[in-house]
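Breakdown of the fold
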Amino acid sequence: MSDLIERAREWLSQDPDPETRAELEALLARDDEAELASRFGSRLEFGTAGLRGELGAGPARMNRVTVMRAAAGLARVLGPGRHVVIGYDARHNSDVFARDTAAVLTGAGLRASVMDGRWPTPVLAFAVRHLGADAGVMVTASHNPPRDNGYKVYWGDGAQIVPPIDAEISRAIDAVGRVDELPLGDSWQTLTHEAIVVPYLRALAGLPVGDARDVRVAYTPLHGVGAETLAEAFRSLGFAVPATVAAQRDPDPDFPTVAFPNPEEPGAMDLALGLAEETGADIVLANDPDADRCAAGVALPGGGYRMLTGDELGCLLAEHVLRATSGDDRLVATTIVSSSLLGKIAEAHGARYAETLTGFKWIMKAGPGLIFGYEEALGYSVGSAAGLPVHDKDGIGAALTVAGLAAAARRDGRTLLDLLDDQARRYGLHATGQLSVRVEDLSIIQRAMAGLRAAPPVKLGGREVESAEDLAAGLAGLPPTDGLRYRLAGDARVVVRPSGTEPKLKCYLEVVVPVTGPASGDVERARTAAAADLAALKADLAAAIGG
């Protein structure tokens, strides 16, 4: 306990934030060993996702000391004279963390440019390349719970950092002393809407949106920062501004209407789907709070809506981009946990295909000629023959392209569901699903992965496990990662991995069912069979991991 108290007092003596100082003083006053240990028994690790964690005092929390140390580490790696662009969302303390970052960077002799508003993450990613900056920082926790915040670092190519840069920054952070001894500057540049959002929207105008505009859209930004930019993007390209969920339109860091501010979570889309019913929308769209992800749903012929999976939307967008471009140097990419359908689509269109580790930082490193990338967790980077306007996932650009695709289908008397049926007939029905186990104790995930490695399953969902691959070995030229991949009889696949951003163990499932005829009934029968297969896989996996 004495060591915890010493560390806490050392932290308290340099903390510039009166709120976290008061929090820490209260813990010390009541000798709260458990809470002190949770804050000072470990620290947030800086990695390829930067920093992300719960707000509060101490090195295991997101706070001003943690952020200033991260900024000082980044400054040491970059060196004086380099230029860093800084953006922030509407979460608690995001604007404060952005200003602290600018103060530390300029105090270390770097140039800093700070956005003057709470703009989406893809705007920051775009700004890095547009301004020729050496790096970028986005203060956001994306779709994490309200109590969290995060610190995402981009390099000069406009993409998130990958090894070994993350390790260099982490070592530099470890070498930072007291933050109250850091020199601080106050001469950073302010980036206006005209200087950065307008060029971003101009770049999106080059996406393959098509010329159809007659589509009714219902939309929610889920209390995040996407509404204003999305409305401006739609208006600039001649679309009607989507009907927006009033209760979720304005940024609110407490996310009062949802349990988790993630379009994938149960209940998150309820208000948007209700608005879609009221307005007779053809499609419903959603961004997550920092607007780098996009979810889409489609009106059903008999009423109601069906939300598309990330794989379904990703493969629709991929084929759309490939039809709008030409050449055998085109590259499309997705991750090891996404649908294998993208590889078949690429082959059919004479394009190259790459498979990467999870995370857009890896997709952006897939290779030259990249014109489209996606991950099943609702992340898409849509490009054109000119390449990608944003070297990260972009929920605004994806929403625009989905609206254009839906408008073109509507003009032909069809919907996105019809386009999905078309793909099933061409390539077979590729059905994907997911089993997620959220935990409070991360050791549960470690034990589950160790158990699967020690005793790999021999049968899942009634299918023989034909191969069990440990991704920690760095298979097929991929960097090592904590994950397991099982290939099953009958063209099925399972990947198990710990989430990199949330306390979850995630299992990704895919089954491929042939479609035997051109009639839609054949597709529906294949979907019914696939749903049963996925349910059987989930049940066996849940038993195998104790979930």
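Our structure's up above, just so we're on the same page.
Residues numbered from 1 in each chain as written. Predicted model: local features only at pLDDT ≥ 70, side-chain atom pairs only at ≥ 80, totals over all residues. Heavy atoms only, no water.

If a strand is regular, its side chains alternate between the two faces of the sheet. Across five bridges, the pairing between strand S12 (residues 331-335) and strand S13 (residues 352-356) is parallel. Bridge pairing in S13 links Val332 to Tyr353. You can see the chain leave S12, run along helix H13 (residues 341-348) and come back into S13, and the turn it takes is right-handed. (Pairing = 2+ DSSP bridges. Helix = DSSP H or I, 4+ residues; strand = E, 2+ residues; numbered from the N terminus. Right-handed = clockwise from strand over helix to strand, strands pointing away.)

The subject of this paragraph is the packing of helix H12 (residues 310-323) against H13. Closest axis-to-axis distance for the H12/H13 pair is 10 Å, and the angle between their directions is 15°. Taken as axis vectors, H12 and H13 run roughly parallel relative to one another. Considering how the two elements wind past one another, H12 and H13 form a crossing that is right-handed. Contacts from Cys315, Ala318, Glu319 and Leu322 in H12 reach Leu341, Leu342, Ile345 and Ala346 in H13. Each residue belonging to the contact of H12 with H13 can be placed in one class, and the counts come to seven nonpolar, no polar and one charged. (Axes fitted to C-alpha atoms, helices over the stretch in contact; angles between N-to-C directions. Parallel < 35°, antiparallel > 145°, perpendicular 65-115°, else oblique. Left-handed = near helix turned anticlockwise from the far one by under 90°. Contact = heavy atoms within 4.5 Å. Nonpolar A, V, L, I, M, F, W, Y, C, P; charged D, E, K, R; others polar.)

Relative to the helices and strands, Arg293 resides in the loop between strand S9 (283-287) and strand S10 (294-299). For Arg293, the residues in contact, after removing those within four places along its chain, are Ser142, His143, Ala286, Asn287, Asp288, Glu375, Ala377, Leu378, Gly379, Lys393 and Gly395.

The next subject is the pattern of salt bridges. This structure, assessed with the given rule, holds 42 salt bridges. The shortest N-O distance in the salt bridge between Arg293 and Asp292 comes to 3.6 Å. Comparing Arg293 with Asp292, the two get one shared label, buried. A salt bridge links Glu319 to Arg323; the shortest N-O distance between them is 4.0 Å. Of this pair, Glu319 and Arg323 are both found in helix H12, four residues apart, which corresponds to roughly one turn of the helix. Using a relative accessible area of 56% as the deciding quantity, one classes Arg323 as exposed. When salt bridges that share partners are traced, they join Lys152, Asp288, Asp292, Arg293, Glu375 and Lys393 into one network. (Salt bridge = Lys/Arg side-chain N within 4 Å of Asp/Glu carboxyl O. Buried < 20%, exposed > 50% of the residue type's maximum accessible area, 1.4 Å probe, protein only.)

This paragraph deals with the sheet that holds strand S2 (residues 83-88). Read across the open sheet, the six strands follow the order S1-S5-S4-S2-S3-S6; overall the sheet is mixed. Pairing within the sheet leaves two strands with one partner each, and these edge strands are strand S1 (51-54) and strand S6 (189-191). Each strand axis lies, on average, 20° off the axis of its neighbour in the sheet, ignoring direction. Pairing analysis gives four bridges linking S2 to strand S3 (residues 111-115), with the strands arranged parallel. Bridging from a neighbouring strand, Val84 pairs with Ala112 of S3. Seen against the sheet, helix H4 (residues 64-78) touches S1, S2, strand S4 (135-139) and strand S5 (148-155) and runs at an angle of roughly 5° to S5. Helix H5 (residues 94-107) contacts S2, S3, S4 and S5 of the sheet and is inclined by roughly 170° relative to S2.

As enumerated under the stated definition, the model contains five aromatic pairs in all. Ring plane angle 65° and centroid distance 5.8 Å describe the contact between Phe126 and Tyr200, whose orientation is recorded as edge-to-face. Within this pair, whereas Phe126 is found in helix H6 (residues 121-130), its partner Tyr200 is found in helix H8 (residues 193-204), the two being separated by 74 residues in sequence. On the accessibility criterion, Tyr200 (0% relative accessible area) is buried. Where Phe372 meets Tyr374, the ring centres are 6.2 Å apart and the plane angle is 35°; that geometry is what we call tilted. Judged by relative accessible area, which is 0%, Phe372 ranks as buried. Here a set of aromatic residues connected by ring pairs shows up, and it is made of Phe372, Tyr374 and Tyr380. Positioned above the aromatic ring of Phe239 is the side chain of Arg213, whose terminal nitrogen or guanidinium carbon lies 4.3 Å from the ring centre. (Phe/Tyr/Trp six-rings, centres within 6.5 Å; stacked < 30°, edge-to-face > 60°. Lys NZ or Arg CZ within 6 Å of the ring centre and 35° of its normal.)

Everything listed is a geometric property; what it means functionally is a separate question.
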